[in-house]
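Examining the three-dimensional arrangement
Now for the letters of each chain:
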Amino acid sequence: MNPDLNRLQPYPFEKLAALVADIRPPEGLAPIALTIGEPKHPVPRIILESYQGALEEIGQYPNTLGKPELRHAIAGWLGRRFGIAEDEIDPDRHILPVSGTREALFAFAQTIVERRPNAKVLMPNPCYQIYEGAALLAGASPHYLACTDDNGLLPDFDAVSDAVWNDCQLLYLCSPGNPTGAVMPVETLQKLIGLAQQHDFIIASDECYSEIYLDEARPPPGLLQAASAMGLQGFDRCVVFHSLSKRSNVPGIRSGFVAGDAAALEAFRRYRTYHGCTMSPAVQTASIAAWNDELHVQENRSLYRRKFEAFLEITGDMLDCQAPDGSFYLWPRLPMDDCEFTRRLLREQNVRVVPGSFLSREVGGHNPGQNHVRMSLVASVEECTEAARRIRALLA
Ligand SMILES: Cc1ncc(COP(=O)(O)O)c(C=O)c1O
């Protein structure tokens, strides 16, 4: 058996199940789960109809590159959303469809990392646990960058030594962040692009929450946008990961894409032909419809906006928490230990949340997720407001 499998941590939900295994929630209160990041808004009709109309296409094998029409639709979306000009992006060399970003974020490290001694993969802390597993199974050491309250819930990249940058082969970014909701400014992205050139590493920017934001006038910037604005040729060392799961409420369709550096994507295509990960032709057709439509995405955002406003109005100054710059998560600072809060909230109010320390790693005696919990506002407005009332009652 591959011994590196023993280095993988249990998933946060397994740790949560063990933490609350002995708790009997009050029977008179309906259970509310703010745990899982699975969108619950309805599947847009335009995607459903397109998928249903394409079902006969499953009679063909798809190839790794996907249909040219899909890659063109994605290039068009990148142009409209991030201002990437048509002559900057070649859909045949700069874009690859993937079966959701989870598999792609994992597989990308297997393609990029050279198994050298001291090989490091840098990632935010807290982070989406797939980055860590991807690094470990690629034979590298994860290097955690704490996202602290003092630094706007973003990593302090200035604190990273030259020696660490020299060992870095891959840097995962997540903006908007899961679980923090923090958005990385263009200036930070550009500084990191400079460091990637200087120290020869690849940036994998996970932007799967980029379309969930509260201020219509301030969409989160992306890595390709930052590269384009600084005149970088061919998105050198920059790769972005986008998904329809959160943008379009279709996590079950397993559709996303990676885009950027042509050499990295060519290596990734080669890896994927052996790995055997292709997108069903019917999913490709439905994905074209999804990337070409913004109306359902705007409606989605307005639903999230209503939930954040209602939730935060109810919790008010009882909870030390702000609306995120992006994503559908709240990441409040608690007046008590996060595991204790999680247990009490379930025992007294039948509401489930994820302790922040389960989403982060302890480095130098400090876990940046401690005394935070992640609350995911994916349920209905009614359920989210009821959860807010119960959290208020608990804190009162
Ligand atoms: C930060 C982050 N990246 C990637 C994913 C994977 O999403 P998908 O595989 O559905 O595209 C998730 C899912 O929750 C996530 O939270």
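Only a predicted model underlies this, so the values are computations on that prediction, with no experimental measurement involved.

The next thing to look at is the site of the ligand. Surrounding the ligand, one finds 15 residues, the nearest of these being T101, D206, S243, S245 and R254. Residue D206 places a side-chain N or O atom 2.6 Å away from a nitrogen atom belonging to the ligand. Contact distances for the ligand include 2.7 Å between an oxygen atom and a side-chain N or O atom of K246. Considered on its own, the ligand offers 400 Å² of accessible surface; in the complex 92% of this is hidden by protein. Cavity membership is defined here by more than half of the atoms lying within 2 Å of grid points; on that basis the ligand lies in the largest pocket. Within the residue set of the shell around the ligand, elements represented by two or more residues are α4 (101-112) and α9 (244-247). Residue contributions to the shell around the ligand peak at three residues, all from α4. Among the residues forming the shell around the ligand, the class breakdown is six nonpolar, five polar and four charged.

L78, W165, L171, L192 and I203 are the most contacted members of the largest nonpolar core, which has 53 residues in total. Of all the elements in the fold, those that place two or more residues in this core are α3 (68-82), α6 (162-167), β5 (168-174), α7 (186-199), α8 (223-229), β7 (238-243), β8 (256-260) and α11 (281-291). Here this core gets seven residues from one element, more than from any other, and that element is α3. Counting contributing residues per domain, this core is built from domain 1 (3-42 + 296-395) and domain 2 (60-295), each supplying no fewer than three.

We now examine the pairing of strand β4 (residues 141-146). Here strand β3 (residues 120-125) runs beside β4; their pairing, made up of six bridges, is parallel. Note on β4: the bridge partner recorded for V121 is P142. Between the parallel pair β3 and β4, the chain is carried across by helix α5 (residues 130-137), and the sense of this crossover is right-handed.

Moving on, we come to the sheet that holds strand β6 (residues 202-206). Spatial strand order, β2-β8-β7-β6-β5-β3-β4: seven strands in an open sheet with mixed pairing. Strands at the two margins of the open sheet, each flanked by one partner only, are β2 (95-98) and β4. Across the sheet, the mean angle from the axis of one strand to that of its neighbour is 20°, orientation sign disregarded. When β3 meets β5, the two strands line up parallel, connected through three bridges. Residue pairing for β5: K120 is matched across the bridge by C168. Here α3 sits on the sheet and contacts β2, β7 and β8; the angle it forms with β2, its principal contact strand, is near 110°.

Rules used throughout
Residues numbered from 1 in each chain as written. Predicted model: local features only at pLDDT ≥ 70, side-chain atom pairs only at ≥ 80, totals over all residues. Heavy atoms only, no water. Near = heavy atom within 4 Å. Polar contact = N/O pair within 3.5 Å; in protein donor to acceptor, adjacent residues only side chain to side chain. Areas by Shrake-Rupley, 256 points an atom, 1.4 Å probe, with all protein chains shown as cover. 1 Å grid on protein atoms, 1.4 Å probe; cavity = no way out; pocket = protein on both sides within 12 Å on 5 of 7 lines; lining within 4 Å. Sits in = over half its atoms within 2 Å of the grid points. Helix = DSSP H or I, 4+ residues; strand = E, 2+ residues; numbered from the N terminus. Nonpolar A, V, L, I, M, F, W, Y, C, P; charged D, E, K, R; others polar. Core = buried A, V, L, I, M, F, W, Y, C linked by side-chain atoms within 4.5 Å. Buried < 20%, exposed > 50% of the residue type's maximum accessible area, 1.4 Å probe, protein only. Domains from an automatic or database assignment. Pairing = 2+ DSSP bridges. Right-handed = clockwise from strand over helix to strand, strands pointing away. Axes fitted to C-alpha atoms, helices over the stretch in contact; angles between N-to-C directions. Contact = heavy atoms within 4.5 Å.

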